[in-house]
Amino acid sequence: MSSEYRQEIDRLIRIEYGETAELVLRFLGLCFGSVLLFLYTGWAIAWLWPLGFFVAQAQYYGFLKTRNEICTEGDCKIAAGLFLLILTSFLWMPAVMASQNDTVLVFAGSTLMATAMVFLVRRGDTAWPFVLGGVLVVCCMYLAVFWFRPFDGADPVATWGVLIANLVLVGYLAQALLISRRSRLRAVAATERAMQEQKMSAVGALAGGVAHDFNNMLTAIIGNLELARELPDEDERQTVLNEAHNSAKRAEAVVKQLLIYSRKAPAFHTDMDINVAVARMMGLAQRLIPASVTVVLKSPQSSLGVRVDDSQLMTALINLVVNAVDAMPEGGTLRIVTSLERAKTGNSMADGGVLPVGDYAVIRVCDTGMGISEQDLHKVVQPFYSTKPTGKGTGLGLSMVLGFARDHGGALQLVSSPSGTEAAVWLPCLGARA
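These numbers come from a predicted model, not from an experiment. Per-chain numbering applies: the sequence of each chain, read as written, is numbered from 1 onward. It should be noted that, the model being predicted, local features are given only for residues of pLDDT at least 70 and side-chain atom pairs only at 80 or more, the latter also being counted only at that level, while totals for whole chains, interfaces and linings use all residues. Side-chain measures were taken over the full set of non-hydrogen atoms in the model, leaving aside hydrogen atoms and water.

Chemist: Please set out the packing of helix α3 (residues 48-65) against helix α4 (residues 73-98) residue by residue, giving values where relevant.
Modeler: Lines are fitted to the C-alpha atoms to define the axes, a helix being fitted only along its stretch in contact, and any angle between axes, read from their N-to-C directions, falls within 0 to 180 degrees. By the criteria applied, helices consist of DSSP H or I runs no shorter than four residues and strands consist of E runs no shorter than two, each listed in order from the N terminus. Between α3 and α4, the shortest axis-to-axis distance is 9 Å and the interhelical angle comes to 165°. As judged from the angle between their axes, α3 and α4 are roughly antiparallel. At the point where α3 passes α4, the crossing takes the left-handed sense. Taking contact as the criterion, the partners of Leu 48, Trp 49, Gly 52, Phe 53, Ala 56, Gln 57, Gln 59, Tyr 60, Phe 63 and Leu 64 in α3 are, on α4, Asp 75, Ile 78, Ala 79, Leu 82, Phe 83, Leu 85, Ile 86, Ser 89, Phe 90, Trp 92, Met 93 and Pro 94. In terms of residue class, the contact of α3 with α4 is made up of 17 nonpolar, four polar and one charged. Small angles under 35 degrees read as roughly parallel and large ones over 145 as roughly antiparallel, with 65 to 115 read as roughly perpendicular and the rest as oblique. Left-handed describes a crossing whose near helix is turned anticlockwise from the far helix by less than a right angle; the clockwise case is right-handed. Pairs of residues are marked as contacts when any of their non-hydrogen atoms sit within 4.5 Å. Residue type decides the class: Asp, Glu, Lys and Arg count as charged, Ala, Val, Leu, Ile, Met, Phe, Trp, Tyr, Cys and Pro as nonpolar, and the leftover types, Gly among them, as polar.

Chemist: Describe helix α2 (residues 20-41), with residues and values.
Modeler: Over its 22 residues, α2 runs 31 Å from end to end, which matches the ideal 32 Å to within 8%, given 1.5 Å per residue. Leu 23, Arg 26, Leu 30, Ser 34 and Leu 37 are the residues of α2 that are buried. Projected down its long axis, α2 carries its buried residues within an arc of 70°, all on one side. For α2, exposure combined with an orientation more than 90 degrees from the buried face picks out Thr 20, Ala 21, Leu 25, Leu 28, Phe 32 and Leu 39. Looking at the residues trailing α2, positive phi occurs at Gly 42, about 75°. To estimate how far a helix should reach, multiply one less than its number of residues by 1.5 Å. Each residue is assigned to one of three classes by its accessible area relative to the maximum for its type, calculated with a 1.4 Å probe on protein chains only: buried under 20%, partly exposed between the two thresholds, exposed over 50%. Directions are taken from the helix axis to each C-beta atom, and the arc is the one they span.

Chemist: Tell me about empty space enclosed by the protein, and name the residues and values.
Modeler: Points on a 1 Å grid, built from protein atoms alone, make a cavity when a 1.4 Å probe fits but cannot get out and make a pocket when they are open with protein on both sides within 12 Å along at least 5 of 7 lines; residues with an atom within 4 Å of a point are the lining residues. Grid points are joined across faces, edges and corners, and a volume is the space filled by probe spheres set on the points. Counted by the stated rule, this structure contains one cavity of 30 Å³ or more. Here the largest cavity defines a volume of roughly 50 Å³. Taken together, Leu 120, Val 121, Gly 124, Asp 125, Phe 130, Val 131, Leu 177 and Ser 180 make up the lining of the largest cavity. At the level of secondary structure, the elements contributing two or more residues to the lining of the largest cavity comprise α5 (103-123), α6 (128-148) and α7 (156-230). Looking at the lining of the largest cavity, its residues break down into five nonpolar, two polar and one charged.

Chemist: Please provide a residue-by-residue account of the packing of aromatic side chains, values included.
Modeler: Note on ring pairs: Phe, Tyr and Trp rings are taken, using the six-membered ring of Trp, and paired if centres are within 6.5 Å. Classes follow the plane angle, with under 30 degrees stacked, over 60 edge-to-face and the rest tilted. The tally for this structure, following the rule as stated, stands at 11 aromatic pairs. Here Tyr 60 and Phe 83 contribute two aromatic rings whose centre-to-centre distance is 6.3 Å and whose plane-to-plane angle is 50°, an arrangement assigned as tilted. Remark: Phe 83 occurs in helix α4 and Tyr 60 occurs in helix α3; sequence separation between them is 23 residues. For the pair Tyr 60 and Phe 83, a shared accessibility class is recorded, and that class is buried. Above the face of the Phe 63 ring, Arg 67 is positioned so that its terminal group lies 4.1 Å from the ring centre. Each ring is checked for a lysine NZ or an arginine CZ that lies within 6 Å of its centre and within 35 degrees of its normal; such an atom marks a charge sitting over the ring. If you follow Arg 181 out to its NZ or CZ, it ends over the ring of Trp 128, 4.0 Å from the centre.

Chemist: Break down the pairing of strand β3 (residues 303-309) for me, citing the residues and quoting the values.
Modeler: Of all seven residues in β3, six are buried, a share of seventy percent or more. Any two strands with at least two DSSP bridges between them are considered paired. Both strand β1 (residues 269-273) and β3 contribute to a ladder of five bridges, which runs antiparallel. When the sheet's bridge partners are listed, His 269 is paired in β3 with Asp 309.

Chemist: Just give me the short version of the nonpolar core, but keep the residues and values in it.
Modeler: Among the nonpolar cores identified, the biggest contains 47 residues, and Ile 9, Tyr 60, Leu 64, Ala 79, Leu 91 and Val 138 are the most heavily contacted of them. At the level of secondary structure, the elements contributing two or more residues to this core comprise α1 (2-17), α2, α3, α4, α5, α6 and α7. Per element, the largest residue contribution to this core is 14 residues, and it comes from α4. Contact partners of Ala 79, with chain neighbours within four places excluded, come to Ile 9, Leu 12, Tyr 60, Phe 63, Leu 64 and Phe 130. Judged by nonpolar contacts, the second largest core, of 40 residues, contains Ile 274, Val 306, Val 321 and Val 365. Buried residues of nine kinds, namely Ala, Val, Leu, Ile, Met, Phe, Trp, Tyr and Cys, make up a nonpolar core once their side-chain atoms join them within 4.5 Å.

Chemist: If you had to explain the pattern of salt bridges to someone new, which residues and values would you point to?
Modeler: What counts as a salt bridge is simple: a side-chain nitrogen of Lys or Arg found within 4 Å of a carboxyl oxygen of Asp or Glu. Enumeration over the complete set of coordinates arrives at 14 salt bridges. With a closest N to O distance of 3.5 Å, Arg 67 and Asp 75 form a salt bridge. Residue class for Arg 67 comes out partly exposed when judged on its relative accessible area of 25%. Residue Asp 75 is classed as buried on the basis of its relative accessible area of 11%.

Chemist: Describe the side chain of Asp 125, with residues and values.
Modeler: Mapped onto the fold, Asp 125 is located in the loop between α5 and α6. At 2.6 Å, the side chain of Asp 125 and the side chain of Arg 11 are in polar contact. Any N or O atom pair separated by 3.5 Å or less is treated as a polar contact, with the protein-specific requirement of one donor-capable and one acceptor-capable atom, and with residues adjacent in sequence counted only for side-chain atom pairs. Within the structure, the side chain of Asp 125 is placed 2.8 Å from the side chain of Arg 123, a separation counted as a polar contact. With residues up to four places along the chain from it excluded, the contact list for Asp 125 reads Arg 11, Leu 12, Phe 130, Val 131 and Arg 181.

Chemist: Could you give an account of the packing of α2 against α5, naming the residues involved and the relevant values?
Modeler: Two measures define how a pair of helices packs: the angle their axes make with one another and the distance between the axes. Here α2 crosses α5 at 165°, and the two axes come no closer than 13 Å. Taken together, the axes of α2 and α5 lie roughly antiparallel to each other. Here α2 runs over α5; the crossing is left-handed. Contact with α2, carried on its side by Glu 22, Arg 26, Leu 37, Tyr 40 and Thr 41, involves Val 104, Leu 105, Phe 119 and Arg 122 of α5 and no other residues of that element.

Dropping the structure here:
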């Protein structure tokens, strides 16, 4: 249950402070508006408006940012109270302006109050303290405008008409907030159902792949062991026992790759230079690269420090090299490029995730093969899904690379076209040293 409250706190931070441009515009607009208000009216209280708003925002932001991973329902209620304080600190001045006998102030105050209502609808809150509290604050402000507005000598029909119009406006706000709440809850429920169905589908595919591969390996192991009982010749018996042992080692390798994909494999992180790791990997993988494939290495003149598990990095790189070589049966060019790059907002990765903004050491393994079809590109990272012919691969190579990258705070990116495929491993960089 605490995870739901933690998600709600994260959502509040995102919706209130996630859009930098809107946040800057909000604060600058308030400051500029208070200056204009002071110049037009000479009210000293015009300076209290931005001051109170900034204090309320600081309290709200500080509270949200200091919540730990274990959040409670009480934290969400306090957050709702602080938000309503922000709403009140903003709306009181537009209410004062709208209650004046000045057309300019009435228009400006009404516009600002309408802006606050649009913001409430855009937030899409689902917690009742936010929804009902927002309606209550807006309603109180409109009643205050009506109460303090000088209607001396006004037609009673007009007075009641203004009151009814304000009540209708608040009623429509309440209806909009309720509809927005209902729509968001339905969307969340639909997303959770889709995720659950996708999860069960993935579990089924994974279980089917594991069962199929292990059935083949166990058949080989059991068959060779039973054959060893019947063979009288010691050399022949040793041969089939070796086959059984090799099948068991293949099963062990599959389990290891599954553990890396699921991020359950023990990792021993050490600081190392990516360029040195790539050079060492090429020494190990040299025998896997046929003479028909030309290898091109390109690295910057500075070291790229990362903190990774050395053996897992070697396994991931060798998997990428093997995939690239298999994609070029007639020969081609294998390019391995390391670089320091900065991820920007929206960098889409192979698993559909988005890489956080920051500096990364990137290892790109590129081939000049036929590429991966668009319909297969998002599937090749799934365990046991392979575009290779039957018997040529386990379908765990890219899924293992993906698991390794995610476990180290990075990601895997795949780009493919008919002229070749590029697999890029992004790892958080410790810094570049000349």
